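Letter by letter, the chains look like this.
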Amino acid sequence: MLIMISKRIGFMVLTMLVVSILLFLLLEYSPGNVAVKVLGPYSSEEARQLWLERHGYFEPLWWRYGSWLGNFINGEFGDSVRFRVPVSEVLWPRLWNTAILGFWTFAIMIPLSLILGVLAGMREGSRLDRIISVGSIITTSVPEFASTVLLSAIFVFGLKWLPGTSSMTSGFEVKQMILPVMVLIIYDFGYVARMTRASMAEVMTTHYIRTAILKGLPYRQVIMKHALRNALIAPFTVIMLQINWLLSGVIVVEFFFAYKGFGALLLEASLNQDIFVIEACAMVAVFVAVASQTIADIGYTYLNPRIRFT
Amino acid sequence: MSNIIETVTPAPTPEAAFMRALKSFALLRESTPGMVGAFLVLFWVIVAILAPLIAPFDPLATLQPMAKPGTVYSMGGTFWLGTDHLGRDILSRIIYGSQTVLFYAPLATLCAYTLGILMGLAAGYHLGWWDIVLSRISDIILSFPVLVLYIIIIATIGSSGINIIIAITFASAPGIMRIVRGLVLDLRNRDYVAAAQTRGESALYIMLVEILPNARGPLIVDACLRLGYVIITIGVLGFLGLGLPPPDPDWGGMINETRKMAMIFPHMTIFPVIAISSLILGFNLLADGLREVSLRD
């Protein structure tokens, strides 16, 4: 188990390193481009050279990468070109806002999709199963940017119940959270529900469930005590992988609702070529994604004794 | 010796493979969601092909700004779905937009499949270093949140049709590679592969002629699903302002351009949303139906 954990963490560090090299090469390979992006297209050639000189861009590539990585690990991401402040000052509050959004999405989506998945998988092929399965295909087919528009057409312009933007300019408002969270749940729950259903349906065909039913246990007890415990191992991994999906989803949702979060920051930075913000955001995104995958793998091994003891 | 050769199961011929593929499409009749999906996809394909014949107006012409659906145009014709803020007919733009999406999405998927299949075949057939290197590369690419990857690529290389295809190929090939690799690991020990090896066929021949045709079943299902994702991706990129440059009609771009006016003129945004959602739903249902049918036999 310990070996496995250290292997996984080692792989995680390796991934982060490779990603950082790729990112560095992609964005900072030619110092000239960096200067243009930082100082703007109308800056003079001398100003660019001076800036490059001062920030050590005439050192060899590997040396530049080393010092860049060193700064990165210390949390010094450079200055944002657009906001004129250190990147970390912009990044952390934005990340916190997205964490709030993600928390509410998960807090509602996970119980909902697990319950629906278990209900559907309990009796495979029943009417309830077909409704839930087809319903989850439909909700997963409507992309987030489409459902943002549809839902705001209904709730903002039609019924006038909810505000159309979630910029939170006057402090935190629950009302402004409802639509973004709803869009993310609608798009994401279908996948988890279908995985839970598949896992549950598989467990229901096993011998020990048949035995439990045949020995006369109440159906409720068979489900709660025997089936659920085994059926929920696979969805656990899927749920952790949803964090990766969520990071994509928040970009669209935050952009549409003008929510001041991490996804919107990354998008703005990309559109404005704000390269140090792009670098910091991309590394944070990959870190969150890789860390959640690592936890998923370790958790899966821990939960599943068949893997743990072999 | 002749004994052994006789017991070797021959690799299915291309004709037989084609007939089986046809049969599984025929079996699709038994799956209602699959039929609905096939119908939706077919509908949009026909719309795209017949676009010049059925579109009532030129999709780029500015005619009468902000007309409500059903407005009769003074120069003749009706705006069945209204016009957008620049006075372009929305129905015509949706019709021509289907051409855009049904051109770029399959092309990008095809590119991603070509690369992914080659990677998967190489990794699964040769194993060893090939496998380690290719698997690690795809693990790393797959660890990116997809949209983050697209945004970084497009922001760096710029947004154009070709760059979108490059970005999609780069981001989806690793996922395809994993599937192909898994299938190849299962197929590489079959008798007909051993027979081809004994005949002295080259590795490339064995991979492409002996193994690949036998791995197609799961790949067809995955391709349908992936087409849906690629359409979403193209739509999202258009929506975020990183898609195909205007003025060409592109559903995601149409939604983005008009979403701020959705309060007063909901028709400008709703119809492209319905169009793109129905096409994605079509591919998802088709994939689901095909999987159901293929599991049956």
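On a predicted model such as this, the values are computed, not experimentally measured, just so you know.

*Asks:* Got a minute to help me understand the overall build of chain A in this structure?
*Replies:* Within chain A, the secondary structure is distributed over 14 helices and 0 strands. Element order for chain A, N to C, with α for helix and β for strand: α-α-α-α-α-α-α-α-α-α-α-α-α-α. Judged by the C-alpha coordinates and their principal axes, chain A covers about 85 × 55 × 30 Å. Burial status across chain A gives 49% buried among its 310 residues. Look at the contacts in chain A between residues 6 or more apart in sequence, and 72% of them connect residues 24 or more apart. Across chain A, 24 positive and 19 negative side-chain charges occur, with their mean positions spaced 18 Å apart.

*Asks:* What exactly am I supposed to notice about the overall build of chain B here?
*Replies:* In terms of helices and strands, chain B carries 13 helices and 2 strands. Taking the principal axes of its C-alpha atoms as reference, chain B extends roughly 85 × 45 × 25 Å. Burial status across chain B gives 51% buried among its 297 residues. In chain B, of all internal contacts separated by at least 6 residues, the share reaching a separation of at least 24 is 71%. Of the roughly 13600 Å² of accessible surface on chain B, a fraction of 69% belongs to carbon and sulfur atoms. For chain B, the distance from the average position of its 18 positive side-chain charges to the average position of its 19 negative side-chain charges is 5 Å.

*Asks:* Explain unusual backbone geometry to me, please; I cannot follow it from the model alone.
*Replies:* Excluding glycine, a negative phi dihedral is what most residues carry, and trans is how most peptide bonds are arranged. One non-glycine residue with positive phi stands out, namely Gln273 of chain A, at about 55 degrees. Classification of Gln273 of chain A as partly exposed rests on a relative accessible area of 25%.

*Asks:* So what exactly am I meant to see when it comes to the nonpolar core here?
*Replies:* Nonpolar side chains in soluble globular proteins tend to end up buried together. Counting 131 residues, the largest nonpolar core has Leu91 of chain A together with Leu240 and Trp251 of chain B as the members making the most contacts within it. At 13 residues, helix H13 (residues 275–303) of chain A tops the list of elements feeding residues into this core. Structurally, this core is a two-domain feature, drawing no fewer than three residues from each of domain 1 (2–73) and domain 2 (91–267 + 297–303) of chain A. Core analysis: the next-biggest nonpolar cluster, separate from the first, contains 18 residues, Leu121, Ile176, Tyr192 and Val193 of chain B among them.

*Asks:* Just checking my understanding: could you explain the packing of helix H11 (residues 233–257) of chain A against helix H7 (residues 146–157) of chain B for this structure?
*Replies:* Helices that pack against each other are described as a pair by the angle of their axes relative to one another and the distance between those axes. The interhelical angle for the contact between H11 of chain A and H7 of chain B, taken along N-to-C directions, is 55 degrees, at an axis separation of 7 Å. Judged on the interaxial angle alone, H7 of chain B and H11 of chain A are oblique. Residues Asn244, Ser248, Ile251 and Val252 of chain A of H11 of chain A pack against Val146, Leu147, Val148 and Ile151 of chain B of H7 of chain B. Across the contact of H11 of chain A with H7 of chain B, the residue classes break down as 6 nonpolar, 2 polar and no charged.

*Asks:* In this structure, what is going on with the interface of chain B and chain A? I would like to understand it.
*Replies:* The interface of chain B with chain A comprises 41 residues on the first partner and 43 residues on the second. When the two sides are added together, the surface that chain B and chain A hide from each other amounts to roughly 3600 Å², 79% of it contributed by carbon and sulfur. Ranking the residues of chain B by area buried against chain A places Ile140, Ser143 and Phe239 of chain B at the top, with a combined share of 15%. Here chain B is connected to chain A by 1 salt bridge. Linking chain B with chain A are 5 residue pairs in polar contact (both at pLDDT 80 or more), by the criterion used here. Within the residue set of the side of chain B that touches chain A, elements represented by two or more residues are helix H6 (128–142), H7, helix H11 (216–239), helix H12 (251–258) and helix H13 (266–296) of chain B. Among the elements that line the side of chain B that touches chain A, the one with the most residues is H13 of chain B, at 12 residues. Grouping the constituent residues of the side of chain B that touches chain A by class yields 26 nonpolar, 9 polar and 6 charged.

*Asks:* Whenever I open this one, the domain arrangement of chain A confuses me. Can you help?
*Replies:* Accessible area lost upon the coming together of the parts serves often as the stated size of an interface. The assigned domain composition of chain A is domain 1 (2–73) and domain 2 (91–267 + 297–303). A C-alpha centroid distance of 37 Å is found between domain 1 of chain A and domain 2 of chain A.

*Asks:* Explain the pattern of salt bridges here, please?
*Replies:* Side-chain pairs of opposite charge can arise where the charged atoms are in close proximity. Scanning the entire structure with this criterion turns up 12 salt bridges over all chains. Between Arg197 of chain A and Asp129 of chain A there is a salt bridge; the shortest N-O distance is 2.5 Å. Residue Arg197 of chain A is located in helix H8 (residues 174–204), and its partner Asp129 of chain A is located in helix H6 (residues 127–141); the two are separated by 68 residues in the primary sequence. The same class applies to Arg197 of chain A and to Asp129 of chain A, which are both buried. In this structure, the salt-bridge partner of Asp288 of chain B is Arg194 of chain A, at a minimum N-O distance of 3.1 Å. With Asp288 of chain B in helix H13 and Arg194 of chain A in helix H8, the pair connects residues from two separate chains. Overall, Arg194 of chain A belongs to the partly exposed group, its relative accessible area being 28%.

*Asks:* How do you make sense of the confidence of the model for chain A when you look at a structure like this?
*Replies:* Across chain A, the average pLDDT comes to 82, with 97% of residues at 70 or higher. Taken element by element, chain A is modelled with least confidence in helix H14 (residues 305–308) of chain A, mean pLDDT 65, and with most confidence in helix H5 (residues 87–122) of chain A, mean pLDDT 88.

*Asks:* Please explain a nonpolar patch on the surface as it appears in this structure.
*Replies:* All names here are of chain B. Together, Leu42, Val45, Ile46, Ile49, Leu50, Leu53 and Ile54 give the surface a local cluster of nonpolar side chains, amounting to about 650 Å² of exposed area. Broken down by secondary-structure element, the contributors of at least two residues to the nonpolar patch are helix H3 (32–49) and helix H4 (51–54). The element best represented in the nonpolar patch is H3, accounting for 4 residues. Considering the arrangement of structural elements, one finds Val45 in helix H3.

*Asks:* Help me understand H7 of chain B in this model?
*Replies:* For an α-helix the count is 3.6 residues per turn, leaving residues at separations of three or four pointing the same way. Residues and elements named next belong to chain B. Taking 1.5 Å of rise per residue, the 12 residues of H7 would be expected to cover 16 Å, and the 17 Å separating its terminal C-alpha atoms lies within 8% of that figure. Among the 12 residues of H7, 9 are classified as buried, and the element is accordingly described as predominantly covered. Restricting attention to buried positions, one finds in H7 the residues Leu147, Val148, Leu149, Tyr150, Ile151, Ile152, Ile153, Ile154 and Ala155. Positive phi shows up at Gly158, right after H7, with a value of about 90 degrees.

Parameters and conventions
Residues numbered from 1 in each chain as written. Chains lettered and ligands numbered in written order. Predicted model: local features only at pLDDT ≥ 70, side-chain atom pairs only at ≥ 80, totals over all residues. Heavy atoms only, no water. Helix = DSSP H or I, 4+ residues; strand = E, 2+ residues; numbered from the N terminus. Buried < 20%, exposed > 50% of the residue type's maximum accessible area, 1.4 Å probe, protein only. Contact = heavy atoms within 4.5 Å. Lys, Arg positive; Asp, Glu negative; His and termini not counted. Charge placed at Lys NZ, Arg CZ, Asp CG, Glu CD. Areas by Shrake-Rupley, 256 points an atom, 1.4 Å probe, with all protein chains shown as cover. Core = buried A, V, L, I, M, F, W, Y, C linked by side-chain atoms within 4.5 Å. Domains from an automatic or database assignment. Axes fitted to C-alpha atoms, helices over the stretch in contact; angles between N-to-C directions. Parallel < 35°, antiparallel > 145°, perpendicular 65-115°, else oblique. Nonpolar A, V, L, I, M, F, W, Y, C, P; charged D, E, K, R; others polar. Buried area = accessible area lost by both parts, 1.4 Å probe. Salt bridge = Lys/Arg side-chain N within 4 Å of Asp/Glu carboxyl O. Polar contact = N/O pair within 3.5 Å; in protein donor to acceptor, adjacent residues only side chain to side chain. pLDDT = per-residue confidence, 0-100. Patch = residues over 30% accessible without salt bridge, like charges linked within 9 Å, V, L, I, M, F, W, Y side chains within 5 Å. Expected span 1.5 Å × (residues − 1).

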